[in-house]
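# Geometric and topological summary
Here is how the chains run, residue by residue.
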Amino acid sequence: MAAIIGKKIGMTQVFTEDGTRVPVTVIQAGPCPVTGVRASENDGYSAVQLAFGEAPEHKLTKPELGHLKKADAGPLRTLVEFRDPDTEYQLGEVLTVEQFEPGQRVKVSGTAVGKGFQGTVRRHNFGRGPVSHGSHNVRAPGSIGASADPARVFKGVKMPGRMGGKRVTQRRLEVIEVDAERNLLLVKGAVPGPKNGTVEVRSD
């Protein structure tokens, strides 16, 4: 399993040899040192832990610095575990974008852009009400439950509330280009999160 942590730079476009325009997201990924290896025999599950994102040393606690020092890694702010690796990893090994290749399918996970408190029309794609003369139901959600029985609103009813700001995984994205010199991955289409947001890329 190929896996790496990166930072979303933004979107641009590239052109293929036949002139087709392809929208891509640029991800600055790695290099990511291996800071932990989990084995089924000792930990009950199989995983590899990677680190990414340089940070001032005073922003990390002593236990965090000590954990990174075991892998000969500097102060890094983000630690992520990737489950079920097919490849054997060694503590201190550094992973780069070279483990990916053009045409490969990957899935990218990140925290979606927060939209704040939104109504049902935007949050759940509700239709609007009639806009004829005297109507007061233009963007209202309508009925949310009966009055006499059960005399309450059931859990899970789609209502206004906080939108975005949650973990999202975009699957089946195609790697268009790999720039090992600049640690860049160009992935077709959009990926979750804002610019400069941390994302996780793994083979799909």
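What this report covers is the structure whose coordinates are included nearby. All values reported here derive from a predicted model rather than from experimental measurement.

### With respect to the overall build of the protein
Within the protein, the secondary structure is distributed over 3 helices and 12 strands. In terms of C-alpha radius of gyration, the protein reaches 23 Å, well past the compact-globule figure of 17 Å for 204 residues. Principal axes of the C-alpha set define a box for the protein whose edges measure 70 × 50 × 35 Å. With 204 residues in all, the protein has 33% of them scored as buried. Intrachain contacts of the protein at a sequence separation of at least 6 include 70% that bridge at least 24 residues. If the 29 positive side-chain charges of the protein are averaged to one point and the 22 negative ones to another, these points end up 15 Å apart.

### Things to note about the sheet that holds strand β12 (residues 198-203)
Spatially, the 6 strands close up into a barrel ordered β1-β2-β11-β10-β7-β12, and their pairing is antiparallel. Each strand of the sheet is rotated relative to its neighbour by a mean of 50°, with strand direction disregarded. The pairing of strand β7 (residues 105-111) with β12 spans 5 bridges and is antiparallel. Looking at the pairing, G110 lines up with V199 of β12.

### Description of the packing of aromatic side chains
According to the stated counting rule, one finds 0 aromatic pairs in the structure shown. Geometry around Y45 places R83 over its ring, the cationic atom sitting 4.1 Å from the centre.

### Observations regarding the nonpolar core
If you look at the biggest cluster of nonpolar residues, it comprises 27 residues, and the most contacted ones within it are I27, L50, F82, V106, L185 and V201. Each residue touching F82, except ones within four places of it in the same chain, is listed here: M1, A3, I4, I5, S46, A47, V48, L50, E200, V201 and R202.

### Let's talk about the pairing of strand β2 (residues 21-29)
Note: strand β1 (residues 3-15) against β2, 9 bridges, orientation antiparallel. Each residue of the ladder has a partner; that of M11, found in β2, is T25. Counted between consecutive antiparallel strands, the loop separating β1 from β2 contains 5 residues, among which G19 sits at a positive phi close to 90°. Judged from the 5 bridges that link them, β2 and strand β11 (residues 184-188) form a sheet pairing that is antiparallel. In the sheet register, Q28 faces β11, and the bridge partner there is L184.

### With respect to the pairing of β1
As paired elements, β1 and β12 share 5 bridges and run antiparallel to each other. Paired with A3 across the two strands is R202, which belongs to β12.

### Description of the sheet that holds strand β3 (residues 32-38)
Strand order in the open sheet formed by 4 strands is β5-β4-β3-β6, and the pairing between neighbours is antiparallel. On the outer flanks of this sheet lie β5 (76-83) and β6 (94-95), each paired with one strand and no other. Examined bridge by bridge, strand β4 (residues 47-54) and β5 share 7 bridges and lie antiparallel to one another. Residue pairing in the sheet places V48 in a bridge with F82 of β5.

### Side note on unusual backbone geometry
Residue P31 is bonded to the preceding G30 through a cis peptide linkage, with omega at -5°. Its location among the elements puts P31 in the loop between β2 and β3. One non-glycine residue, D72, adopts positive backbone phi at about 55°. Locating D72 in the fold gives a position in the loop between α2 (62-69) and β5. When its relative accessible area of 72% is taken as the criterion, D72 is described as exposed. You will see that A151, though not glycine, has its phi angle at about 60°, which is positive.

Conventions we followed
Residues numbered from 1 in each chain as written. Predicted model: local features only at pLDDT ≥ 70, side-chain atom pairs only at ≥ 80, totals over all residues. Heavy atoms only, no water. Helix = DSSP H or I, 4+ residues; strand = E, 2+ residues; numbered from the N terminus. Rg over C-alpha atoms; globule rule 2.2 N^0.38 Å. Buried < 20%, exposed > 50% of the residue type's maximum accessible area, 1.4 Å probe, protein only. Contact = heavy atoms within 4.5 Å. Lys, Arg positive; Asp, Glu negative; His and termini not counted. Charge placed at Lys NZ, Arg CZ, Asp CG, Glu CD. Pairing = 2+ DSSP bridges. Axes fitted to C-alpha atoms, helices over the stretch in contact; angles between N-to-C directions. Phe/Tyr/Trp six-rings, centres within 6.5 Å; stacked < 30°, edge-to-face > 60°. Lys NZ or Arg CZ within 6 Å of the ring centre and 35° of its normal. Core = buried A, V, L, I, M, F, W, Y, C linked by side-chain atoms within 4.5 Å.

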